[in-house]
Structures are given as structure tokens and as C-alpha cells.
Amino acid sequence: MSLRDITADDIESLAVGAWILGTGGGGNPYLPLLNMRALYRDGYRVQLIDAADLDDDDRVGVVANMGAPLVGQERLTDSLTLARAVSLMEEHTGYRFAGLMGMEIGGANGVRPLMAAAHLKRPIVDSDTMGRAYPEAQMTSVAVGGLTPWPLTAVDVRGLESVVGKVPTWKWAERVVRKICVEYGSVAATCQPPRTGAEVKKWGIHGTTTKAMAIGHAVREAQRRHDDPIAAILGVEPGKLLYKGKVVDVARRATEGFLRGVARLDGLDAWRDATMTINFQNEWIVAFIDKEPIAMSPDLICVLDSVSGEAVGSETIRYGQRVTVIALPPPPVFLSPRGLDHVGPRAFGYDLDFRSVFSS
């Protein structure tokens, strides 16, 4: 088993890159980053392992916070609560996890698994189940693969603990745990259904932690050199520039454990006469220019600060920001017919046939 040390600088880059891959959701990683800085100052360390190095019968804990990103800014992330969600799952199943991995690499949920791993002294698997962030439990590669959707644990900082022992489908898993999350105050630390090493190797989306670190490193290096950070991102990822503009209106509401709404942008430079609107459910789901859809899930729609190159989240976007919108290609598993059933525009209630910005 080959383990690599994750340095404090790696974590700084991870936070930047995961926020970009979060496509507006997953939560702002700033507070988890502060947690990791404190843990590293106190002597904690985390290591990284490739999925290929897992034994087939190993068990892997899948970690994420659940809830509305706006609430996550107000109720501070606690590393021990995340660790408790994992420990509760180990107590329930009788397994000792060989490693932990993120449910999603996006946003704060790209950093949070490290918080639990630091306390529990387990390595982080360089994989996740989304390759980005998505708002619902059934929007994962393991759900596309038809893997078992239970058990799940949910823990609150006040000592509330729940175990969902069995559900018939992934959508039921989402419905039940979402109700628990709402009762907790619209945010909860969760351990998703554990996976075997064989399942991770077959259905995980691999290399995503190091991918996020590489994106973040490119942005930070461009900032240091006073280079264009957007160009730096597109230099390490095969993305596409979609739009540049200024935010002129944001309508959002926290409801049913999600942050839903619409952001409207007026164009700048080559897009001066064009208006973009982006609909979101935690994440940016569909982008329109002058009411014509130009980008949609599962393509990654990334809204970036035009100066810093850092991500702008659905909970932090505000009037007057100057932003650049790019698209990044999705993991191939979500481009299959079954994958599109889980994460295509119709999965979010839009009567649109998926058309990738990378197909033209």
C-alpha cells in the first residue's frame, strides 16, 4: 500500500480547486480550510492512497456534509462531528474502514473528509463519487452503478445521531436523510453507505483529490505571478470559456435543505449585449444566454471571480461581482443514458435534452 503525505500547502490548493469543481455548491471551503490549518498546527497529518492500492474486501467510509450551503456558513463546521459520523457507521456495521473518501470533491466537501481522517488516523482515497458537487444522494457514480443505498448516518454538533438502516432505493435514501437534515437545521455531517475496495475501484471517480490540488495550485501560482488565473485553469483542464459579465441580480431561498434560485448577469467585453441567467439548486444546473440554454448538468458550470480566478458559490454570489463562466467536462459515467437519468437536466425538473458544450 503506497501512502503519500498531504502537505499543508496541498490543502491550501485543494480548497481552491475543490471550490472550482464544486460548480457553485458543496459549501464554501474556507471554514474547513481553517479547521485543517488548526489540525495541522496541532500535529495532525493526513495521507493519500490510490484506489488501486485498496484490497477488494477493504471497507471505505464515504464522508460529506449535507444541507443548504447558506446554512453551512452560519453553523460552523466541526471536525469531531464529521469524525463521529464515521465512527457511528463503524459501530453500526462492525467494519473498521481502511480509508475514507469524499462523496463529492466539490467545495467544502472536498476538504471535509480530511478533517475526519485526521482525527481517525485513516488515509484519504484519491477518489470520490461525483467528480464535482451535486445536491442529492442519488446523483453519484455508485447510484448509477446500482450499488446498495444503505446504511447512512447523520450527526449534529448538539449530539443528535441518526442511523438509516435500510431503504429500497437511492431516491428514498435522499428523501429520508434530507428530512433528518432539515430537522437538524438544514445541515448535518453524514457517512454515506460504505463501499468495498472492489466497488471503489469499479465505480469511483479517480484522481479527483489530486486533480483539485492541481487546479488550485495553478490558480495560486497565477495569482502569485500576476498572470491570468482563468487561463491557468484552462491550461490544466480541458475547459471552455462561456461568458464574462457582472452580477446584476440574485434571487435565492433556502428550502427543503437546499439553496435554490437564479443569478442574472449582464455581459462584458465580447458578451456586452448578452444576458446570462444561471439556475441553481446548491450547484449551477442550467445556464441560459438570452433565454437559450447553453450549458447544463452534467457539464460542470463554474462561475469564477474574474480577477482572482477563485470560485463563486451559489451562497456567496452577490450584486456587482465581475465573473467569468467556464465549463469543464463531466466524468464519463454521467454521460451514459443511466447517468443522464440521474444527473441530466430532467433530473432537476428541466424539460431539456442534454447537449454538451463540448459536442459542438
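Everything quoted here is computed from the prediction, not taken from an experiment. (Residues numbered from 1 in each chain as written. Predicted model: local features only at pLDDT ≥ 70, side-chain atom pairs only at ≥ 80, totals over all residues. Heavy atoms only, no water.)

Trainee: Could you clarify how one ought to interpret the overall build of the protein chain in this entry?
Mentor: Regarding its fold elements, the protein chain presents eleven helices and 17 strands. Taking 21 Å as the expected radius of gyration for a compact globule of 360 residues, we find that the protein chain reaches 19 Å, a close match to that expectation. Structurally, the protein chain occupies a C-alpha span of about 60 × 45 × 35 Å along its principal axes. Sorting the 360 residues of the protein chain into buried and exposed places 58% on the buried side. With the model as given, the accessible surface of the protein chain reaches about 14300 Å², and the carbon-plus-sulfur share is 50%. (Helix = DSSP H or I, 4+ residues; strand = E, 2+ residues; numbered from the N terminus. Rg over C-alpha atoms; globule rule 2.2 N^0.38 Å. Buried < 20%, exposed > 50% of the residue type's maximum accessible area, 1.4 Å probe, protein only. Areas by Shrake-Rupley, 256 points an atom, 1.4 Å probe, with all protein chains shown as cover.)

Trainee: How should empty space enclosed by the protein be read in this particular structure?
Mentor: Empty space among the atoms can be located by rolling a probe the size of a water molecule over them. By the definition in use, this model includes two cavities of 30 Å³ or more. Residue lining of the largest cavity: V62, M103, T129, T140, V142, W170, Q192, P193 and R195, and that is the complete set. When residues in the lining of the largest cavity are grouped by element, the largest group, three residues, is from strand 9 (residues 187-196). Class assignment of the residues belonging to the lining of the largest cavity gives a composition of five nonpolar, three polar and one charged. (1 Å grid on protein atoms, 1.4 Å probe; cavity = no way out; pocket = protein on both sides within 12 Å on 5 of 7 lines; lining within 4 Å. Points joined across faces, edges and corners; volume = space filled by probe spheres on them. Nonpolar A, V, L, I, M, F, W, Y, C, P; charged D, E, K, R; others polar.)

Trainee: Honestly, helix 5 (residues 112-120) in this entry has me stumped. Any pointers?
Mentor: Because the α-helix completes a turn every 3.6 residues, residues three or four places apart line up on one side. Within helix 5, eight of the nine residues are buried, which leaves it mostly tucked inside the rest of the structure. Burial in helix 5 covers these residues: R112, P113, L114, M115, A116, A117, A118 and L120. Phi turns positive, to about 60°, at K121, one or two residues after helix 5.

Trainee: I'm lost on unusual backbone geometry in this one. Help?
Mentor: Residues other than glycine predominantly adopt negative phi, and peptide bonds predominantly adopt the trans conformation. W150 connects to P151 through a cis peptide bond whose omega is -5°. Note on placement: P151 falls in the loop between helix 6 (141-144) and strand 7 (152-155). Put simply, S297 and P298 share a cis peptide bond, and its omega is 15°. One can find P298 in the loop between strand 15 (292-296) and strand 16 (300-305).

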